[in-house]
Amino acid sequence: MFSGKSEELIRRLARAGIARQRVVAVKPAIDARYEPTAIASHGGRRWPCVPVASARDVLAVAAQHQPDVLGIEEAQFF
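Residues numbered from 1 in each chain as written. Predicted model: local features only at pLDDT ≥ 70, side-chain atom pairs only at ≥ 80, totals over all residues. Heavy atoms only, no water.

Chemist: Please give an account of the pattern of salt bridges that cites residues and values.
Modeler: As a working rule, side chains carrying opposite charge can pair if their charged atoms are close by. Across all of its chains, the model carries seven salt bridges by this definition. Note that Arg45 is salt-bridged to Glu7, the shortest N-O span being 3.3 Å. With Arg45 in the loop between strand S2 (38-40) and strand S3 (46-48) and Glu7 in helix H1 (residues 5-18), this residue pair connects regions lying 38 residues apart in the sequence. Relative accessible area serves as the criterion here: at 34%, Arg45 is assigned to the partly exposed category. Measuring nitrogen to oxygen at the nearest pair gives 3.3 Å for the salt bridge that ties Arg22 to Asp68. Residue Arg22 is located in the loop between H1 and strand S1 (23-28), and its partner Asp68 is located in the loop between helix H2 (55-65) and strand S5 (69-72); the two are separated by 46 residues in the primary sequence. Since its relative accessible area comes to 48%, Arg22 is described here as partly exposed. For Asp68, a relative accessible area of 46% gives the class partly exposed. (Salt bridge = Lys/Arg side-chain N within 4 Å of Asp/Glu carboxyl O. Helix = DSSP H or I, 4+ residues; strand = E, 2+ residues; numbered from the N terminus. Buried < 20%, exposed > 50% of the residue type's maximum accessible area, 1.4 Å probe, protein only.)

Chemist: Break down the environment of Arg46 for me, with residues and values.
Modeler: As for its position among the elements, Arg46 is in strand S3. Residue Arg46 is classed as partly exposed on the basis of its relative accessible area of 38%. Considering only alpha carbons, one finds Arg46 and Glu35, 11 residues apart in sequence, at a separation of 9.1 Å. Not counting the four nearest positions on each side in its chain, Arg46 is found in contact with Ile10, Tyr34, Glu35, Ala38, Ile39 and Ala40. In terms of polar contacts, Arg46 uses its side chain to reach the side chain of Glu35, at 2.4 Å. (Contact = heavy atoms within 4.5 Å. Polar contact = N/O pair within 3.5 Å; in protein donor to acceptor, adjacent residues only side chain to side chain.)

Chemist: Lay out the environment of Glu74 in plain terms, naming residues and giving numbers.
Modeler: As for its position among the elements, Glu74 is in the segment after S5. Taking relative accessible area as the criterion, Glu74 reaches 16% and is therefore assigned buried. Residues Glu74 and Ala29, 45 residues apart in the sequence, show an inter-C-alpha distance of 10 Å. Not counting residues within four places of it along the chain, the set of residues in contact with Glu74 comprises Pro28, Asp31 and Arg33. Only 2.5 Å separates the side chain of Glu74 from the side chain of Gln76, close enough to count as a polar contact.

Chemist: I'd like a description of the sheet that holds S1, backed by residues and values.
Modeler: Pairing between sheet strands relies on hydrogen bonds along the backbone, with the strands arranged either parallel or antiparallel. Strand order in the open sheet made by the three strands is S4-S1-S5, with parallel pairing throughout. At either margin of the open sheet sits one strand with a lone partner, and together these are strand S4 (50-52) and S5. Adjacent strand axes in the sheet meet at a mean angle of 30°, parallel and antiparallel pairs treated alike. Across three bridges, S1 lies against S4 in parallel orientation. Of the residues in S4, the one forming a bridge with Pro28 is Val52. Sheet strands touched by H1: S1 and S5. Its angle to S5, the strand with the most contacts, is close to 165°. (Pairing = 2+ DSSP bridges. Axes fitted to C-alpha atoms, helices over the stretch in contact; angles between N-to-C directions.)

The following block contains the structure:
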């Protein structure tokens, strides 16, 4: 629950961005705890993301953006 998973995901996405990789993050649209278009950690860090309704939409986002790194927040909700 408060084990730092989102913080670690944001850290890894940031590192990929520093390495000049194309990074896209997604999260379930039903997760509106902080911001609908950002992954947020309890520590206050944020990373922009695309809210999606289903796992199928994750594939559509990946096909559209063709990222090198695809971050998926709260995957259990799919």
